[in-house]
Structures are given as C-alpha cells and as structure tokens.
Amino acid sequence: MLFISEQQVAELFDLKSCIGLMKDTLCALSKGEASQVLRVAMEIEERKILGLMPASIPGRTIAGAKIITVFPDNFKRGMPSHQGLITLFDADTGALKAVVEAEAITGVRTAAVSALATDYLARKNAEVLCILGSGLQARKHLEAISYVRDIKAVYVWDINKDSLKKFKEEMSAKFPIPIHICTEVSKAVENADIICTVTSAKNPILFGKDVKKGAHINAVGACTPDCRELDTEIVKKSRVFGDRIESTLAESGDFLIPLSEGAITKEHLLGELGDVILGNLEGRKNDEDTTIFEALGLAVEDLASADYIAGIIEKNIRGE
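Notes on the structure follow. (Residues numbered from 1 in each chain as written. Predicted model: local features only at pLDDT ≥ 70, side-chain atom pairs only at ≥ 80, totals over all residues. Heavy atoms only, no water.)

Overview of the nonpolar core
Next up, step 1: Formed by 73 residues in total, the largest nonpolar core has its most connected members in Ile-4, Leu-129, Leu-142, Val-154 and Leu-273.
Next up, step 2: The element best represented in this core is helix H3 (residues 103–121), accounting for 10 residues.
Next up, step 3: Not counting residues up to four positions away in its chain, the partners in contact with Ile-4 are Val-9, Ala-98, Val-99, Val-100, Glu-101, Ile-309, Ala-310 and Ile-313.
Next up, step 4: Formed by 24 residues, the second largest nonpolar core is a distinct cluster that contains Leu-132, Ala-192, Val-235 and Leu-269. (Core = buried A, V, L, I, M, F, W, Y, C linked by side-chain atoms within 4.5 Å. Buried < 20%, exposed > 50% of the residue type's maximum accessible area, 1.4 Å probe, protein only. Helix = DSSP H or I, 4+ residues; strand = E, 2+ residues; numbered from the N terminus. Contact = heavy atoms within 4.5 Å.)

Here it is, written out as structure tokens:
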C-alpha cells in the first residue's frame with residue numbers, strides 16, 4: 001500500500017496532463033463507464049463540513065473515496081479551505097492500493113476541469129480573463145485557462161487586499177500577462193470573456209448586469225445549496241451546464257436558489273460537460289451566448305487523479 005504525500009502529488013501531477021485526464025474521466029462518467037454517488041456531507045459547525053465522496057471506475061479497476069473537510073473561513077488563518085485524503089482500492093480484490101493526500105489533487109483537478117469547460121464553452125477568440133478570488137484556486141485557474149486560450153489580460157478581485165497584492169506579485173513573475181487588481185467586481189468583469197468565481201462567498205458577488213454578452217463563467221466556489229456566487233439574473237440569461245446533473249440539482253446554490261424563486265425550471269440545466277465533449281449536447285450556439293459551467297467537484301475526478309499518480313509511482317518502483 002502506498003502513502004502519497006502532498007509533495008509527491010505536486011511533483012508528479014501537472015495541470016496540462018490533468019486536463020486530458022479529466023476529459024477522459026468526464027466522458028467515461030457521462031457514458032456510464034464510471035459511477036459515483038452524491039457526496040455525504042455532515043455539518044460540523046456552521047459552514048464547516050466533513051464530506052465523503054465515493055466512486056468507482058471499472059475500466060481502470062479502481063474504487064475508492066475522498067474524505068474532505070471544507071472550512072471556508074480558513075483563509076483568515078492562512079490555511080486551505082479544502083483538506084483531506086483519497087483512498088484508492090483495487091476493484092477486483094478490494095485491497096487498499098493507496099492513500100493520497102488530497103489538497104494538491106483538489107487544486108489541480110478543479111482548475112483542469114474549468115479549463116476543459118472553457119475550451120468547449122468559451123468563444124474561441126476569448127482573451128480577457130477575470131478571476132474573482134485570489135487564493136490557491138485563483139493561481140491554478142490562471143495557469144489552467146492559459147493552456148486552452150491565448151490570454152492577453154487578467155483582472156482579479158478579492159475582498160482581501162493583501163492576498164490580491166501577493167497574487168499579483170507571484171503570478172506576474174510566472175506569466176508574461178498584464179495582471180490588473182480591481183477593487184470592485186463590476187470593474188473586474190466588465191470586459192471579461194472568461195470569468196472564474198473561486199471564492200468562499202455565501203451570497204452573490206457576480207451580477208448579470210455587469211457581465212457582457214458572450215462571456216463564459218466557471219462557477220467554482222459555492223458547493224452547498226444555501227451558498228451562491230452568481231445572482232439570479234446571470235443564471236437566468238445563460239446556458240447552464242454542470243459536471244454532473246444530480247450533483248447540480250442537489251448541491252448547487254447557484255442553480256437551486258433561482259429555481260426556488262421560480263426564475264428558472266430544472267430544464268434550464270442543459271446537461272453535463274461530458275456530453276458536450278462527446279458531441280451529444282450542444283454547448284455554445286453563437287458568440288452572443290453567455291455560458292455557465294457549474295463545478296461542484298466529483299469523486300471520479302479525485303479517484304482518476306489518485307490512480308494516475310499511483311501509477312507513476314508504481315512504475316518508478318518497478319524501474320520502468
């Protein structure tokens with residue numbers, strides 16, 4: 001049995017490879033070649049969640065689960081909001097193959113899926129990126145989106161001004177792209193072709209009146225029915241896709257709150273990203289469409305990632 005640390009994950013798991021891995025994984029899920037159940041979430045205290053996310057991918061002969069805590073206010077302590085581990089079992093024998101620390105995997109696979117959604121839903125000539133939030137996911141999303149679109153300018157907003165300053169310093173050293181700090185969300189998004197919301201917000205920060213036609217939005221931060229980053233107007237006027245239909249209808253406050261208001265129906269959720277990739281579902285129809293990808297994060301994504309890393313380590317051990 002392998003124990004795989006955060007350091008090993010960081011050394012072996014790169015974003016570019018993960019985008020391709022997530023493409024295969026989401027297609028397998030939409031084709032019924034992988035399975036998962038809705039995450040079980042237990043509230044420890046208000047806004048502090050312990051979650052269990054089981055899944056299996058028979059074609060890769062693996063099964064397992066991610067155990068995770070989500071503490072949105074951890075940024076005040078200088079700690080990550082998402083922490084946990086992934087257990088990986090052999091689906092033939094039931095033997096435990098690996099235990100993998102999950103934080104680095106979560107960071108990489110989340111941004112990789114957003115990049116995949118951007119590649120299939122954003123305009124081909126999209127070049128202005130807006131990131132709402134400036135933590136780990138903001139950093140990973142800048143890198144990931146840069147793999148699928150030729151980004152010419154980045155606009156970043158966060159309520160934490162020190163975090164914004166640090167983000168600009170770090171990312172400007174890594175990417176030859178102008179990075180602009182914004183003190184108002186409306187200014188950050190007004191010219192954006194691609195918007196990534198990666199905050200711990202409980203109430204809307206992104207409003208339909210501020211988003212230009214033709215933009216693509218990756219809604220990442222809100223993952224419970226009572227929290228949302230998007231207002232009702234932007235959801236109502238957009239073509240909405242999810243990573244998994246049942247997850248969106250059970251967990252996405254961005255979608256469920258407008259649904260409860262009567263502003264949309266369940267049919268407003270057009271389907272899964274996997275089906276768009278497979279060509280079974282039309283994504284963007286024209287350059288005027290505003291599109292939303294609602295990312296809840298899936299157990300199959302974590303399982304495939306852990307198996308990929310374990311495979312590399314096993315080959316190294318065998319000397320291959």
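Concerning the sheet that holds strand E9 (residues 153–157)
By definition, the strands of a sheet pair up through backbone hydrogen bonds, in either a parallel or an antiparallel sense.
Next up, step 1: Here 8 strands make up an open sheet; going across it, the order is E10-E9-E8-E11-E12-E15-E13-E14 and the pairing parallel. Looking at which strands have only one partner, the edges of the open sheet turn out to be strand E10 (179–182) and strand E14 (269–272). When the angles between neighbouring strand axes are averaged without regard to direction, this sheet yields 20°.
Next up, step 2: With 4 bridges connecting them, strand E13 (residues 239–242) and strand E15 (residues 291–294) associate as parallel partners. (Pairing = 2+ DSSP bridges. Axes fitted to C-alpha atoms, helices over the stretch in contact; angles between N-to-C directions.)

Examining the packing of aromatic side chains
Next up, step 1: Under the counting rule described, the total for this entry stands at 1 aromatic pair.
Next up, step 2: Relative to Tyr-308, the ring of Phe-13 lies with its centre 5.8 Å away and its plane at 50°, an arrangement referred to as tilted. Residue Phe-13 is found in the loop between helix H1 (6–12) and helix H2 (15–30), and its partner Tyr-308 is found in helix H11 (residues 299–318); the two are separated by 295 residues along the sequence.
Next up, step 3: Phe-13 gets classed as buried once you look at its relative accessible area, which sits at 4%. (Phe/Tyr/Trp six-rings, centres within 6.5 Å; stacked < 30°, edge-to-face > 60°.)

Description of the environment of Ile-131
Next up, step 1: Structurally, Ile-131 is set in strand E8 (residues 128–132).
Next up, step 2: The class of Ile-131 is buried, set by a relative accessible area of 0%.
Next up, step 3: Considering only alpha carbons, one finds Ile-131 and Asp-158, 27 residues apart in sequence, at a separation of 8.8 Å.
Next up, step 4: If we ignore the near neighbours within four places in the chain, the residues touching Ile-131 are Ala-138, Leu-142, Val-154, Tyr-155, Val-156, Trp-157, Phe-167, Cys-196 and Val-198.

Describing the pattern of salt bridges
Next up, step 1: For the structure on display, the rule yields 18 salt bridges.
Next up, step 2: Two residues, Asp-226 and Lys-202, come together in a salt bridge whose shortest N-O distance is 3.1 Å. One end of the pair, Asp-226, is in the loop between strand E12 (216–219) and helix H7 (232–236); the other, Lys-202, is in the loop between strand E11 (194–197) and E12, and 24 residues separate them in sequence.
Next up, step 3: By relative accessible area, Asp-226 is classed as partly exposed at 45%.
Next up, step 4: Classification of Lys-202 as partly exposed rests on a relative accessible area of 33%.
Next up, step 5: Notably, a salt bridge pairs Lys-209 with Asp-210, separated by 3.3 Å at the nearest N-O pair. (Salt bridge = Lys/Arg side-chain N within 4 Å of Asp/Glu carboxyl O.)

As for H2
Next up, step 1: Its 16 residues place the ends of H2 22 Å apart at the C-alpha level, agreeing with the 22 Å of an ideal helix rising 1.5 Å per residue.
Next up, step 2: Listing the buried residues of H2 in full gives Leu-15, Cys-18, Ile-19, Leu-21, Met-22, Thr-25, Leu-26, Cys-27, Ala-28 and Leu-29.
Next up, step 3: The inward-facing, buried residues of H2 abut strand E2 (35–36), H3, helix H4 (136–148), helix H10 (273–278) and H11.
Next up, step 4: You can read the cap of H2 off the contacts: a side-chain oxygen lies 3.3 Å from the backbone nitrogen of Lys-16, and it is on Asp-14.
Next up, step 5: Among the residues trailing H2, Gly-32 stands out with phi positive, at a value near 80°. (Expected span 1.5 Å × (residues − 1). Polar contact = N/O pair within 3.5 Å; in protein donor to acceptor, adjacent residues only side chain to side chain.)

A word on the packing of H2 against H4
Next up, step 1: H4 packs onto H2 with a crossing angle of 70° between their chain directions and a minimal axis gap of 10 Å. Regarding the angle of H2 to H4, the classification is roughly perpendicular. In the packing of H2 onto H4, the handedness of the crossing is right-handed. Touching Leu-15, Lys-16 and Ile-19 of H2 are Lys-140, Glu-143, Ala-144 and Tyr-147, all from H4.
Next up, step 2: Its residues assigned to classes, the contact of H2 with H4 shows 4 nonpolar, no polar and 3 charged. (Parallel < 35°, antiparallel > 145°, perpendicular 65-115°, else oblique. Left-handed = near helix turned anticlockwise from the far one by under 90°. Nonpolar A, V, L, I, M, F, W, Y, C, P; charged D, E, K, R; others polar.)

Observations regarding the packing of H2 against H3
Next up, step 1: Relative to each other, H2 and H3 sit at 70°, their axes nearing to 8 Å. Classed by the angle they form, the pair H2 and H3 counts as roughly perpendicular. Along the contact surface, H2 presents Leu-15, Cys-18, Ile-19, Met-22, Lys-23 and Leu-26, while H3 presents Val-108, Arg-109, Ala-111, Ala-112, Val-113, Ala-115, Leu-116 and Tyr-120.
Next up, step 2: Of the residues assigned to the contact of H2 with H3, the class counts are 12 nonpolar, no polar and 2 charged.

What to know about the pairing of E11
Next up, step 1: Residues Ile-194 and Cys-196 point to one face of E11 and Ile-195 and Thr-197 to the other, with burial holding for every one of them.
Next up, step 2: Here E8 pairs with E11 via 4 bridges, running parallel. What sits directly across from Leu-132, in E11, is Thr-197.
Next up, step 3: The pairing of E11 with E12 spans 4 bridges and is classified as parallel. Bridged to Cys-196 within E12 is Asn-218.

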